Amino acid sequence: MKITKLMVDKLPLPTSAVAGKTAQKRYYDDVMKGFGVRVTSGGTKAFFVEKLVQGKLRRITLGRYPELTAEQARREGQKLLGKIATGIDPIAEKKEARVKVITLKQVFEDYLNARKTLKPSTVFDYQRVMREAFADWQSKPLLSISKDMITKRHTQLGERSKARANLAMRYLRAIFNFAAGEYEDAKGQSLITENPIRRLSQTRAWYKVNKRQSFIKAHELFLWYREVVNVQNTVLRDYLLLLLFTGLRREEAMTLKWEQIDLMAQTLTLPDPKNHQPHILPLSDFLLELLIKRKEEALGEYVFPGTGAKGYLVDPRKQVAKVIEASGVSFMLHDLRRTFITIAESLDISAYAVKRLVNHKMNHDVTAGYIVSDVERLRKPMQQITDYIVGQIGQK
């Protein structure tokens, strides 16, 4: 039959085969092959064209009836079928047109949705960088961000912080790399022919930033400890001490839950640390006593509870600043981890034991693959480090 207004008006509505689901039926035109109308049990009637494109059946909806008349749909269908006959895929073409104007904000959202294994802290860092470094680029099409724009923005950011400028561009580079594999043109070729961040490497414009190597020196430990134990906020006090005596990363300690602490076995477990390798750490006598006392004051699931929505200690910068001012010892939270590692190395503890204690990967060390370090083998070096620190701070 030929699809006309009269024919479409008379088409019956299909009955639903399954309760709660919409049934549909397609009717095809005898005059123009591939042109048809789809009718649903819900009363919707829509025109479409379908044809094989590179071995795949492509079905394209032209529009609903009566907003689109039968004659209008026939003309639109002829145009699309003509494109397909010349090798053009209208669906891919439409997708390409949409992708060409996709904004940085949309690509970033797609990136986060695809990277499901990113830790909440990493996602937070990404969002902060995008908000601080590229706030005015959010609504720009990704393809409009040029090499010159990258160079200029990198320089602007570097005037405030060279390290943050490099970090922002590394994050943006990752987003462009994702887009290169995610978005294609009608021919299946990547729309991102070159990552614009490469300009910084080609022109050697990356800032040289020396890796921070600061730590608390042996003679400063007493001054630091004296002020820490005088902190009225016992949560912060114990948090800082735990960082020093374990070498944990700041986020690992902040989010520590009581279910991760086994006071009987004297162990601390990190089920999903930064390197995604579960980590069990032995507790020295100092740490055991600290956690037993903290357990007596426990107010919830977190070892170091906070008053915010997250439920744990989040941003102790103000309190840390007070410790620095009172002690005269300048430090950042990660410096406590470096202090732990520095002390371990100074005691001639095995490099393998040190790496196990701080949960560093040893992928490129063939020998390390044959060494099995269990928690009990780490207990002695852990106690050695504690004994050294206790000796320096003048405590028994």
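Now for a description of the structure that goes with this document. (Residues numbered from 1 in each chain as written. Predicted model: local features only at pLDDT ≥ 70, side-chain atom pairs only at ≥ 80, totals over all residues. Heavy atoms only, no water.)

Our next topic: the pairing of strand 6 (residues 267-270). With 2 bridges joining them, strand 5 (residues 261-262) and strand 6 adopt antiparallel strand pairing. Within strand 6, the residue paired with I261 across the bridge is L268. Counted between consecutive antiparallel strands, the loop separating strand 5 from strand 6 contains 4 residues, among which Q266 sits at a positive phi close to 60°. Strand direction decides the pairing type here: strand 6 and strand 7 (residues 279-282), joined by 4 bridges, are antiparallel. Its bridge partner lying in strand 7, T269 is registered against I280. (Pairing = 2+ DSSP bridges. Helix = DSSP H or I, 4+ residues; strand = E, 2+ residues; numbered from the N terminus.)

Let's shift gears to the side chain of R379. Take R379: it is sitting in helix 16 (residues 375-393). Among the polar contacts made by the side chain of R379, one reaches the main-chain carbonyl oxygen of A265 at a distance of 3.3 Å. Residues within four places of R379 in sequence aside, it is in contact with A265, Q266, T267, P282 and L283. (Polar contact = N/O pair within 3.5 Å; in protein donor to acceptor, adjacent residues only side chain to side chain. Contact = heavy atoms within 4.5 Å.)

We now examine the side chain of E50. Structurally, E50 can be placed in strand 3 (residues 45-53). A distance of 3.0 Å separates a polar atom in the side chain of E50 from a polar atom in the side chain of Y28. Setting aside residues no more than four positions away along its own chain, E50 makes contact with Y28, G34, L57, R58, R59 and L81.

Residue position: W137 is located in the loop between helix 5 (120-133) and helix 6 (147-160). Here the alpha-carbon distance between W137 and T103, two residues 34 residues apart in the chain, equals 8.4 Å. Apart from the residues within four sequence positions on either side, W137 is in contact with L104, I145, M149, I150, R153 and L172.

Its 14 residues place the ends of helix 5 20 Å apart at the C-alpha level, agreeing with the 20 Å of an ideal helix rising 1.5 Å per residue. Residues Y126, V129, M130 and A133 constitute the buried set of helix 5. Buried residues of helix 5 fall within an arc of 95° about the axis and therefore sit on the same side. Exposed and oriented more than 90 degrees from the buried face of helix 5 are P120, R131 and E132. Summarising the contacts, the buried residues of helix 5 are in contact with helix 4 (104-114), helix 6 and helix 7 (162-182). (Expected span 1.5 Å × (residues − 1). Buried < 20%, exposed > 50% of the residue type's maximum accessible area, 1.4 Å probe, protein only. Arc of directions from axis to C-beta.)

A cis amide bond, omega 15°, links Y65 with the succeeding residue P66. On the secondary structure map, P66 appears in the loop between strand 4 (56-65) and helix 2 (70-85). Positive phi values are uncommon outside glycine, yet Q266 reaches one of about 60°. Positionally, Q266 belongs in the loop between strand 5 and strand 6. Here D348, not a glycine, exhibits a phi torsion of approximately 60°, which is positive. Along the chain, D348 falls in the loop between helix 14 (333-346) and helix 15 (351-357).

Counting residues in each nonpolar core, the largest one holds 56 residues, and the members touching the most others are W224, Y239, L240 and F245. Residue contributions to this core peak at 9 residues, all from helix 10 (residues 234-246). What L240 contacts, discounting residues up to four positions off in sequence, is W224, V228, V320, F331, L333 and L336. (Core = buried A, V, L, I, M, F, W, Y, C linked by side-chain atoms within 4.5 Å.)

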